[in-house]
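Okay, here's what each chain looks like letter by letter:
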Amino acid sequence: MTTFRISPAVADAFPDTLIALVTATGLHGHDAWPRTASALEDLERELAAGTWAPADESDPRIEAWHTAYRSFGTNPRRIRPSVDALGRRLAKKGSLPRINPAVDSYNAVSVRHGLPAGAFDLDRVTGDVEIRYADGGETFTPLGEPDTTEHPKPGEIVYADTTDVLTRHWNHRDAHRTRVTEDSTRVAFVLETLHATRDGHLLSNAAEELRGLLAPHAGQTTVHHLSPGRPRITV
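Residues numbered from 1 in each chain as written. Predicted model: local features only at pLDDT ≥ 70, side-chain atom pairs only at ≥ 80, totals over all residues. Heavy atoms only, no water.

(A) Region of interest: the sheet that holds strand S5 (residues 157-160). The sheet built from six strands is open, its strands ordered S7-S6-S5-S4-S1-S10 with mixed pairing. For this open sheet the edge positions go to strand S7 (173-174) and strand S10 (232-234), each flanked by a neighbour on one side alone. (Pairing = 2+ DSSP bridges. Helix = DSSP H or I, 4+ residues; strand = E, 2+ residues; numbered from the N terminus.)

Next up, the structure:
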């Protein structure tokens, strides 16, 4: 079991935060996931037809993350929130990357709903996971760069377990150690909003959509919600 929690300092600074934790066990990452493939293709087709476009930094959902990044000293136009970077890539290239079915699933849901998303292989997580301010002494190995070690800036918001940092700049980039691959069988997916009062329904819809993509290829799926009012969830 893994406990996710929001630190009191982060809860106080962002009191309207709501995070959906969609957990999946018994994942079959080597199978074909046709509904996920269709979700990606639908986004690309709608973009090409001009009937839909990803949220950009003028959208309140993205703007809120830019404001949050600036509050902890990160320039969001240089180091972008994950959903912002993914949406810009889609708008520029006309397509999303195909990584593996589980990652493709949360990417599709993230861009569709304008909400940051990520995932952790729970079998690679050590101890509990906390969303907190970095003290500057932590280490971080970026996804795809197993020989690189970074040190988050003091005051930067991170996800961290008992070993090191799992995401930098809240949701800009994931760590290599807890990356989700085709071999991952026990995964926690996260979807986030800083404005639950305004966008909580979007988050709930996105979480159920993601669960729907995962469920045919998992033994069990569950949706939990983490917030300042409920700052601790065990999955």
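(B) Representation of the packing of aromatic side chains in the model. Evaluation of the coordinates by the stated rule reveals six aromatic pairs. Three or more aromatic residues link up through ring pairs in this structure, and these residues are Phe4, Phe120 and Tyr159. Between arginine 112 and the ring centre of tryptophan 52, over which it is positioned, the NZ or CZ distance is 5.4 Å. (Phe/Tyr/Trp six-rings, centres within 6.5 Å; stacked < 30°, edge-to-face > 60°. Lys NZ or Arg CZ within 6 Å of the ring centre and 35° of its normal.)

(C) Spotlight on unusual backbone geometry. Not every positive phi belongs to a glycine, and histidine 169 is a case in point at roughly 50 degrees. As for its position among the elements, histidine 169 is in the loop between strand S6 (165-168) and S7. The class of histidine 169 is buried, set by a relative accessible area of 5%. If you check the backbone angles, tryptophan 170 has positive phi at about 70 degrees while not being a glycine. For tryptophan 170, the position within the fold is in the loop between S6 and S7. (Buried < 20%, exposed > 50% of the residue type's maximum accessible area, 1.4 Å probe, protein only.)

(D) Highlighting the pattern of salt bridges. Scanning the entire structure with this criterion turns up 18 salt bridges. Here arginine 5 and aspartate 128 are joined by a salt bridge, their closest N and O atoms 3.1 Å apart. In this pair, arginine 5 is assigned in strand S1 (residues 3-6) and aspartate 128 in the loop between strand S3 (117-121) and strand S4 (129-133), connecting sequence segments 123 residues apart. Judged by its relative accessible area of 25%, aspartate 128 falls in the partly exposed class. Close ionic contact of aspartate 84 with arginine 80 constitutes a salt bridge, the shortest N to O distance being 2.7 Å. Accessibility classification places aspartate 84 together with arginine 80 in one group, the buried group. Here the salt bridges share partners, and the residues they tie into one network are Glu57, Arg77, Arg80 and Asp84. (Salt bridge = Lys/Arg side-chain N within 4 Å of Asp/Glu carboxyl O.)

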